[in-house]
Every structure is written in structure tokens, then in C-alpha cells.
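What follows is the residue order along each chain.
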Amino acid sequence: MSIIIDNVSKQFGQFKALQPTNLTISSGKLVALLGPSGSGKSTLLRVISGLESPDQGSIIIDGHDHTRLDVRQRNIGFVFQHYALFKHLTIRQNIAFGLEIRRQPRETIRKRVNELLDLIQLAGLGDRYPAQLSGGQRQRVALARALAVQPQVLLLDEPFGALDAKVRKELRSWLRRLHDEVHVTSVFVTHDQEEAMEVADEIVIMNEGKIEQVGTSIEVYDHPASPFVMGFVGAVNVIPKTSHIANQLNPVNRTHDIFVRPQDVEIFTQPKSKAISATVERIIPLGSEIQVELRLADDNVVMAYVTRPKFAQLQLNIDQNVFAFVHKSQVFPEETSRLSELTASGINR
């Protein structure tokens with residue numbers, strides 16, 4: 001079921017939570033609404049669900065105008081961050097709840113619940129209560145309950161936000177596999193860039209109540225539409241246009257800041273043509289990679305990501321003089337002040 005958001009906006013008092021917004025979500029897609037707190041992503045999700053009414057614009061689902069429909073008439077499954085399971089009901093009863101409200105035949109309910117228990121890999125645990133399950137298992141039950149009524153659209157609001165990092169990673173993979181099986185048009189809200197890039201078919205990046213860019217994970221990472229997108233999706237170095245290093249990297253266009261991904265910075269221990277002299281300031285192990293912070297001659301600090309084999313080969317030490325070669329950089333013609341604010345707050349680190 002496709003979703004069309006047509007010129008939708010929402011304001012709470014003086015706060016414009018959602019600027020006039022247009023977006024088309026294709027049938028069967030798993031789409032992430034990604035952005036920082038206050039970017040409008042949850043407001044957009046709630047408007048789609050009917051939990052909030054837009055001030056203007058339309059919500060079209062499967063070709064039908066749902067803008068003024070009550071939330072109970074929209075046939076939408078909604079999964080909240082904190083499960084919202086009924087504590088006094090068993091897992092089986094929680095999943096069956098929506099079907100019982102719709103007065104489905106008892107045998108139909110039993111069969112559907114068993115199918116979903118198999119789908120969420122909790123067969124045999126149907127008679128337990130939510131308190132007897134782990135957080136990850138409870139979130140899977142919440143998903144099964146939302147899917148039980150065979151909704152046209154599945155909406156998930158920070159579905160893994162209450163879970164620890166290991167469980168979150170496991171559930172991300174599980175959600176992707178689940179979606180590939182059920183093919184329900186799904187939209188989920190997250191502020192976790194890795195989560196969005198790992199799970200979603202398409203990412204909608206939002207900021208200050210409006211959409212900055214829509215694309216696949218590769219498109220938004222490799223071809224960001226704005227400084228904000230480049231700074232929010234993945235780590236980035238920002239070299240001010242006033243730096244002589246910026247002139248060295250981009251002698252043709254000297255009027256804009258230079259943006260460089262850490263993995264596009266290569267470190268050499270010997271001089272290399274067009275490489276920049278630097279000093280190793282910090283060495284931070286990041287699992288499979290090592291983050292090396294380099295202080296340039298003009299006092300700007302640049303991050304580089306180095307694989308462990310390469311790091312072992314270089315044998316880097318703090319205060320060592322090295323040479324940084326930038327393989328790829330990017331400039332944006334538009335104003336870069338928003339990314340400068342993010343840089344100051346540490347988001348790009």
C-alpha cells in the first residue's frame with residue numbers, strides 16, 4: 001500500500017513541528033524517518049497514523065484520502081518504543097487482542113496467533129506473560145500484535161530505543177528479515193544512523209520540520225544533498241574555507257568549507273605528493289578500525305579511520321609527525337552554518 005504525504009504541516013502553539021511536507025512511500029517498502037530530536041519525524045509518523053491531525057495537506061493511503069479518518073478506521077499497525085503490552089494477558093492473548101476486538105472466529109484467531117508465534121521465533125512461549133520475557137522478545141511480541149490484524153501499513157516509533165546495543169543489533173537484522181517475508185509497507189522512526197542504513201530500503205532525512213534528502217543508504221552517504229546530511233549521516237571532517245589547507249585541497253573553489261570523510265584520509269609516515277603534514281594527537285580503537293586524530297599545521301584537527309592491519313604496519317605513536325593524503329573531498333555551494341553548529345556540538349565526531 002503506497003502512502004502519499006501531500007503538503008502536510010503541523011504546528012503546536014508557536015512551534016512549527018512539521019513544515020509543508022511532500023513525500024511518496026512506495027508499496028511494500030521499509031522506510032526510515034531519520035533525524036535529530038525535534039526534526040519532525042515522530043510528528044510525521046503520528047500524522048500518518050491518525051494520532052495527530054495535520055493543519056493542512058492530505059494523507060493518501062492506497063489511493064484513498066485518510067486525512068480525516070479516525071485512527072481506528074485506518075487499518076494501521078503501530079509499534080511503540082516501550083512495547084505497550086498488556087501485562088495481565090499472556091503472549092498468545094496479547095497477539096490475539098486485535099482479532100478478538102474484531103470478533104474473528106476462534107479458530108481463525110488460533111491459527112493466526114500460531115503463525116505469528118512461529119514468525120517471531122517464540123513458538124512454545126505463548127502461555128508466558130510479558131514480565132517473563134526479555135526486552136527483545138517483548139518487542140517482537142509487540143510487532144506480532146501489530147501484524148495480527150494484517151494492517152495496510154506498519155508504523156514503528158523508535159522500536160528499539162529501549163533496548164541495549166547488542167539486542168538492538170539483533171532485532172535490526174530480524175526486522176529486515178521479517179519485512180522481507182511479510183512485505184507490509186512500513187515506516188519507522190529513528191535517530192540512529194546505523195540503524196536506518198542497515199534496515200531501510202529508503203531513508204528520509206529530516207531536520208527542523210522539513211525533509212533534507214530522500215534516498216537509499218548509499219545515496220545519502222555517498223551523495224549527500226546538504227552539509228547537514230553529510231554531517232548527520234556518518235562522521236565527517238569540516239575544514240574551514242579560511243584554512244590554507246582548504247586552499248590546498250580545493251584551489252579552484254576557495255569560498256566554501258571542505259568536507260572529508262575519515263575513511264578518505266590516508267596516513268603515510270613518509271612524505272607523499274600533495275599530502276599534508278600533521279601530528280598524531282589521539283589514537284582511539286573502534287573495534288575493527290582505529291580512529292586517529294591528526295593536528296594539522298593550522299591547528300585544525302582531522303580524523304582518519306585506519307584498519308587494524310594498516311595501523312600495525314604504520315606503527316603510529318602520539319606526537320608522531322606523519323602525512324595525511326585526502327582521497328576525496330566535497331564542497332557545498334549553500335550556506336554551511338547548520339553543519340558548523342553540529343560540529344560544535346560534537347555530532348560529527
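Below is a summary of the structure that appears in this document. (Residues numbered from 1 in each chain as written. Predicted model: local features only at pLDDT ≥ 70, side-chain atom pairs only at ≥ 80, totals over all residues. Heavy atoms only, no water.)

**As for helix α1 (residues 41-49)**
Structural remark: α-helix, 3.6 residues per turn; residues separated by three or four positions point the same way.
Line of reasoning, step 1. Most of α1 is tucked away: seven of the nine residues are buried.
Line of reasoning, step 2. Here α1 has its buried residues at Lys 41, Thr 43, Leu 44, Leu 45, Val 47, Ile 48 and Ser 49.
Line of reasoning, step 3. Two residues or fewer after α1 comes Gly 50, characterised by a positive phi angle close to 95 degrees. (Buried < 20%, exposed > 50% of the residue type's maximum accessible area, 1.4 Å probe, protein only. Helix = DSSP H or I, 4+ residues; strand = E, 2+ residues; numbered from the N terminus.)

**Concerning the pairing of strand β7 (residues 153-157)**
Line of reasoning, step 1. Summarising burial for β7: five of the five residues are buried, a large majority.
Line of reasoning, step 2. Residues Val 153, Leu 155 and Asp 157 point to one face of β7 and Leu 154 and Leu 156 to the other, with burial holding for every one of them.
Line of reasoning, step 3. By the bridge criterion, four bridges tie strand β6 (residues 76-79) to β7 in an arrangement that is parallel. Along β7, the bridge assignment pairs Phe 78 with Leu 155.
Line of reasoning, step 4. For β7 and strand β8 (residues 185-190), the ladder comprises five bridges, and the chain directions are parallel. Note that in β8 the partner of Asp 157 across the bridge is Val 189. (Pairing = 2+ DSSP bridges.)

**A look at the pattern of salt bridges**
Line of reasoning, step 1. Applying the stated criterion across every chain yields a total of 19 salt bridges.
Line of reasoning, step 2. In this structure, Glu 281 and Arg 295 form a salt bridge, with 2.5 Å as the shortest nitrogen-oxygen distance. Here Glu 281, found in strand β14 (residues 276-286), pairs with Arg 295, found in strand β15 (residues 289-296); they are 14 residues apart in sequence, far enough to count as distant.
Line of reasoning, step 3. In this structure Arg 295 comes out as partly exposed when scored by relative accessible area, which is 27%.
Line of reasoning, step 4. Bridged by salt links that share partners, the residues Arg 168, Lys 169, Arg 172, Asp 192, Glu 194, Glu 195 and Glu 198 form one connected network. (Salt bridge = Lys/Arg side-chain N within 4 Å of Asp/Glu carboxyl O.)

**Quick word on unusual backbone geometry**
Line of reasoning, step 1. Non-glycine residue Gln 121 carries a positive phi angle of around 60 degrees.
Line of reasoning, step 2. Position of Gln 121 among the secondary structure elements: in the loop between α3 (106-119) and α4 (135-148).
Line of reasoning, step 3. Of note in this structure, His 183 is not a glycine but carries a positive phi near 55 degrees.
Line of reasoning, step 4. Within the secondary structure, His 183 is located in the loop between α5 (165-182) and β8.

**Digging into the layout of surface pockets**
Line of reasoning, step 1. In this model, the largest pocket occupies a volume close to 620 Å³.
Line of reasoning, step 2. Sorting the residues of the lining of the largest pocket by element identifies β6, α2 (91-101) and α4 as the ones contributing at least two each.
Line of reasoning, step 3. With four residues, the single largest contributor to the lining of the largest pocket is β6.
Line of reasoning, step 4. The class makeup of the residues in the lining of the largest pocket is 14 nonpolar, four polar and three charged. (1 Å grid on protein atoms, 1.4 Å probe; cavity = no way out; pocket = protein on both sides within 12 Å on 5 of 7 lines; lining within 4 Å. Points joined across faces, edges and corners; volume = space filled by probe spheres on them. Nonpolar A, V, L, I, M, F, W, Y, C, P; charged D, E, K, R; others polar.)

**Comments concerning the packing of aromatic side chains**
Line of reasoning, step 1. If you walk through the whole model with that rule in mind, you get four aromatic pairs.
Line of reasoning, step 2. An angle of 10 degrees between the planes, with centres 5.6 Å apart, marks the rings of Phe 228 and Phe 232 as stacked. One end of the pair is Phe 228 and the other is Phe 232, both in helix α8 (residues 227-232) and four residues apart, which spans about a single turn. Take Phe 228 and Phe 232: they sit in the same class, and that class is buried.
Line of reasoning, step 3. The ring of Trp 174 carries the charged tip of Arg 140 above its face, separated from the ring centre by 6.0 Å.
Line of reasoning, step 4. Lys 272 extends its terminal NZ or CZ atom over the ring of Phe 325, reaching a point 5.1 Å from the ring centre. (Phe/Tyr/Trp six-rings, centres within 6.5 Å; stacked < 30°, edge-to-face > 60°. Lys NZ or Arg CZ within 6 Å of the ring centre and 35° of its normal.)

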